[in-house]
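Letter by letter, the chains look like this.
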Amino acid sequence: MSKLTDAVLALVIPWDVQRIGAGRVPMSKITDFTAQLARPVVEANGCTLWDVEYVKEAGSRYLRVYIDKPDGVSIQDCEDFSRALDPILDEADPIPDSYIFEVSSAGAERQLKRPGDFERFLGAQVEVRLYQPVDGSKVHIGTLEQYDNGDVTVSDGKTRRVFQKSAIAQVRLHLTI
């Protein structure tokens, strides 16, 4: 095991090693725990951690770690990070079932989730997906003007709309070519 692996595990896993080592981290905590493991490794590789998701798709489980970098994330960045984090995940063993581990860039059309994400991209083009249609559509594209406690204000140049947090299914950056 590398010095970084030892250091990360010592920082993150001082509590209840048997429970974690036995692969019994609650499902709701897998992404939080993985983020704790990943953050120092991401930073050591010159990147930032954007998101972690643990999902089931087509009968398989996926643990996805999304990374970001100001000048863009390369395939080599993803590979280097994956090779560094993989042994740490193997040692911590937070997931009892088999899963596919993927590392990806956050992407040009990344999902915005945290208040800091919205603050960083104020003035950017976004796509707001809603649970129920507003003005006949569940999808609204415009400039992100404001974020206030989960409520999102978007303007398409003609209309300024405020979408309540409870109505929003997803907000992503919108790439215009």
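A word on the sheet that holds strand 2 (residues 60-68)
Moving on, step 1. Sheet architecture is open: three strands sit in the order 1-2-3, paired in mixed fashion. Where the open sheet ends on each side, the last strands, each with one partner, are strand 1 (48-57) and strand 3 (100-105). Geometrically, the sheet is characterised by an average inter-axis angle of 20° between neighbouring strands, direction not taken into account.
Moving on, step 2. In this sheet, strand 2 lies alongside strand 1 in antiparallel orientation, the contact comprising nine bridges. Residue pairing for strand 2: Glu53 is matched across the bridge by Arg64.

Topic: the packing of aromatic side chains
Moving on, step 1. Tallying each qualifying case throughout the model produces two aromatic pairs.
Moving on, step 2. Geometrically, the ring pair formed by Trp50 and Phe121 is edge-to-face, given 6.2 Å between the ring centres and 70° between the ring planes. Of the two residues, Trp50 sits in strand 1 while Phe121 sits in the loop between helix 5 (115-120) and strand 4 (125-134), which places them 71 residues apart along the sequence.
Moving on, step 3. You can call Phe121 buried: its relative accessible area is 16%.
Moving on, step 4. Judged by centre distance (4.3 Å) and plane angle (15°), the rings of Phe118 and Tyr147 are stacked. Within this pair, whereas Phe118 is found in helix 5, its partner Tyr147 is found in strand 5 (residues 137-148), the two being separated by 29 residues in sequence.
Moving on, step 5. A cation over an aromatic ring shows up here: Arg64 above the ring of Tyr62, its NZ or CZ 4.6 Å from the ring centre.
Moving on, step 6. A cation sits over an aromatic face here: Arg110 above Trp50, 4.7 Å from the ring centre.

Notes on unusual backbone geometry
Moving on, step 1. The backbone of Ala58 sits at a positive phi, close to 50°, despite the residue not being glycine.
Moving on, step 2. Structurally, Ala58 can be placed in the loop between strand 1 and strand 2.
Moving on, step 3. For Asp135, which is not glycine, the phi dihedral falls at a positive 55°.
Moving on, step 4. The topology assignment puts Asp135 in the loop between strand 4 and strand 5.
Moving on, step 5. Looking at Asp135, the relative accessible area reads 63%, which means it is exposed.

Rules and cut-offs
Residues numbered from 1 in each chain as written. Predicted model: local features only at pLDDT ≥ 70, side-chain atom pairs only at ≥ 80, totals over all residues. Heavy atoms only, no water. Pairing = 2+ DSSP bridges. Helix = DSSP H or I, 4+ residues; strand = E, 2+ residues; numbered from the N terminus. Axes fitted to C-alpha atoms, helices over the stretch in contact; angles between N-to-C directions. Phe/Tyr/Trp six-rings, centres within 6.5 Å; stacked < 30°, edge-to-face > 60°. Buried < 20%, exposed > 50% of the residue type's maximum accessible area, 1.4 Å probe, protein only. Lys NZ or Arg CZ within 6 Å of the ring centre and 35° of its normal.

Read these as geometric descriptors, not functional statements.
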